[in-house]
Amino acid sequence: MSNPHPQQRPHQPEADGFHDLLRSQRVWDTKLPAFDTSAAPREPLALFHRWFAEAVEAGQSEPHTMSLATVDREGLPDVRTLMLHDADERGWHFASHATSAKGRQLAAAPQAALGFYWAAQGRQVRVRGPVTVGTPEESRADLHARSTGALASALVGHQSEVLPQYGHLLRASQAAWGQAQADPGADVPSWTLYVVEPAEVEFFQGDERRRHVRLRYRRGASGAGAGDWTRELLWP
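First, a word on what this report is: a plain description of the structure on this page. This structure is a prediction, so every number in the text was calculated from the model and none was measured. (Residues numbered from 1 in each chain as written. Predicted model: local features only at pLDDT ≥ 70, side-chain atom pairs only at ≥ 80, totals over all residues. Heavy atoms only, no water.)

## Overview of the pattern of salt bridges
Point 1. For the structure shown, the criterion picks out eleven salt bridges.
Point 2. Residue R126 is joined to E202 by a salt bridge in which the shortest nitrogen-to-oxygen separation is 2.9 Å. Placement of R126 in strand β6 (residues 123–133) and of E202 in strand β8 (residues 200–205) is noted, with a sequence separation of 76 residues between them.
Point 3. By relative accessible area, which is 41% here, R126 ends up partly exposed.
Point 4. Take E202: its relative accessible area is 7%, and that puts it in the buried class.
Point 5. Between R218 and E232 there is a salt bridge, with the nearest N and O atoms lying 2.4 Å from each other. Residue R218 is found in strand β9 (residues 213–219), and its partner E232 is found in strand β10 (residues 229–234); the two are separated by 14 residues along the sequence.
Point 6. Using a relative accessible area of 32% as the deciding quantity, one classes R218 as partly exposed.
Point 7. One connected set of salt bridges, linked through shared partners, spans R50, E54 and R123. (Salt bridge = Lys/Arg side-chain N within 4 Å of Asp/Glu carboxyl O. Helix = DSSP H or I, 4+ residues; strand = E, 2+ residues; numbered from the N terminus. Buried < 20%, exposed > 50% of the residue type's maximum accessible area, 1.4 Å probe, protein only.)

## A look at the environment of V71
Point 1. The residue V71 is located in strand β1 (residues 65–71) in this model.
Point 2. Note on V71: relative accessible area 31%, which makes it partly exposed.
Point 3. A sequence separation of 25 residues divides V71 from S96, and the C-alpha atoms of the two residues are 16 Å apart.
Point 4. If sequence neighbours within four positions are ignored, V71 has contacts with L76, P77, Q105 and A109. (Contact = heavy atoms within 4.5 Å.)

## Examining unusual backbone geometry
Point 1. One non-glycine residue with positive phi stands out, namely E62, at about 45°.
Point 2. As for its position among the elements, E62 is in the loop between α2 (44–57) and β1.
Point 3. Of note, R210 is a non-glycine position whose phi angle comes to about 65°, a positive value.
Point 4. Note that R210 resides in the loop between β8 and β9.
Point 5. You can call R210 partly exposed: its relative accessible area is 48%.

## Brief notes about a nonpolar patch on the surface
Point 1. Side chains of L163, Y166, L169 and L170 sit close together on the surface and give an oily, nonpolar patch of about 390 Å² of accessible area.
Point 2. Mapped onto the elements of the fold, L170 is located in helix α6 (residues 166–182).
Point 3. Among the residues examined, L170 registers a relative accessible area of 47% and is labelled partly exposed. (Patch = residues over 30% accessible without salt bridge, like charges linked within 9 Å, V, L, I, M, F, W, Y side chains within 5 Å. Areas by Shrake-Rupley, 256 points an atom, 1.4 Å probe, with all protein chains shown as cover.)

## A look at the side chain of S139
Point 1. Relative to the helices and strands, S139 resides in helix α4 (residues 136–144).
Point 2. What S139 contacts, discounting residues up to four positions off in sequence, is G134, W191, T192 and L193.

## A closer look at the nonpolar core
The tendency in soluble globular proteins is for nonpolar side chains to be buried side by side.
Point 1. Core analysis: the largest hydrophobic core is formed by 29 residues, its most contacted members being F48, W92, F94, L114, F116, V125 and F203.
Point 2. If you list the elements that add at least two residues to this core, you get α2, β1, β4 (92–97), β5 (111–118), β6, β7 (191–196), β8 and β9.
Point 3. Every residue in contact with F116, bar those within four places of it in the chain, is listed here: F48, P63, T65, M66, L84, W92, R123, Q124 and V125.
Point 4. Core analysis: the next-biggest nonpolar cluster, separate from the first, contains 13 residues, L143, L151, A154 and V188 among them. (Core = buried A, V, L, I, M, F, W, Y, C linked by side-chain atoms within 4.5 Å.)

## A few points about the side chain of Q121
Point 1. If you trace the backbone, Q121 turns up in the loop between β5 and β6.
Point 2. The exposure class of Q121 is buried, given its relative accessible area of 11%.
Point 3. Setting aside anything within four residues of it in sequence, one finds Q121 in contact with L32, P33, W51, E54, A55, A58 and Q205.

Here is the structure:
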């Protein structure tokens with residue numbers, strides 16, 4: 001027999017406070033740029049370069065950061081934020097240890113999606129496609145083009161592994177800094193350059209009245225004009 005007086009959910013002031021705070025936030029409290037898709041280039045790379053430069057000019061904080069989505073062996077999605085290292089005719093570049101969680105996932109399922117969000121102009125860019133691995137020479141060049149701190153971090157290694165105590169990281173980091181300063185050309189065999197070869201690239205321009213403009217580029221199928229791009233508008 002059902003309870004005629006079911007227990008009510010207890011009042012949670014902390015949750016109510018979070019909900020109120022969340023709902024009070026606003027986006028795009030500035031004039032957003034227009035996006036004339038009829039003037040967009042035939043391929044997405046040139047437009048990405050232009051939007052990136054405009055994000056920098058608009059004062060966007062860390063415009064070179066992006067979300068990287070992968071899947072694990074069970075097909076479960078995973079996402080993290082990292083830095084873009086380049087964007088050229090090959091695709092969008094980033095790097096990590098091949099032994100990291102993302103490295104293992106990409107070895108098992110070499111497909112990825114990238115997401116850029118540039119709030120200063122209400123813009124997003126999404127990239128999807130297969131992932132290829134750079135040569136050892138390219139990976140070394142990528143590693144040594146970065147700062148001493150970045151090299152030291154790579155030398156520490158063990159990315160995504162369980163850390164027994166924070167003190168272990170402090171000691172390893174101090175040793176790695178010393179090595180990076182003494183040997184700027186030190187090699188890190190697990191450091192790997194990855195390239196997302198775009199199959200789809202979407203450019204999203206926000207609109208104050210929610211009439212967002214979405215332009216998607218889709219690459220031609222392999223063997224049938226693979227270098228050609230189809231452009232199409234999407235409903236917001």
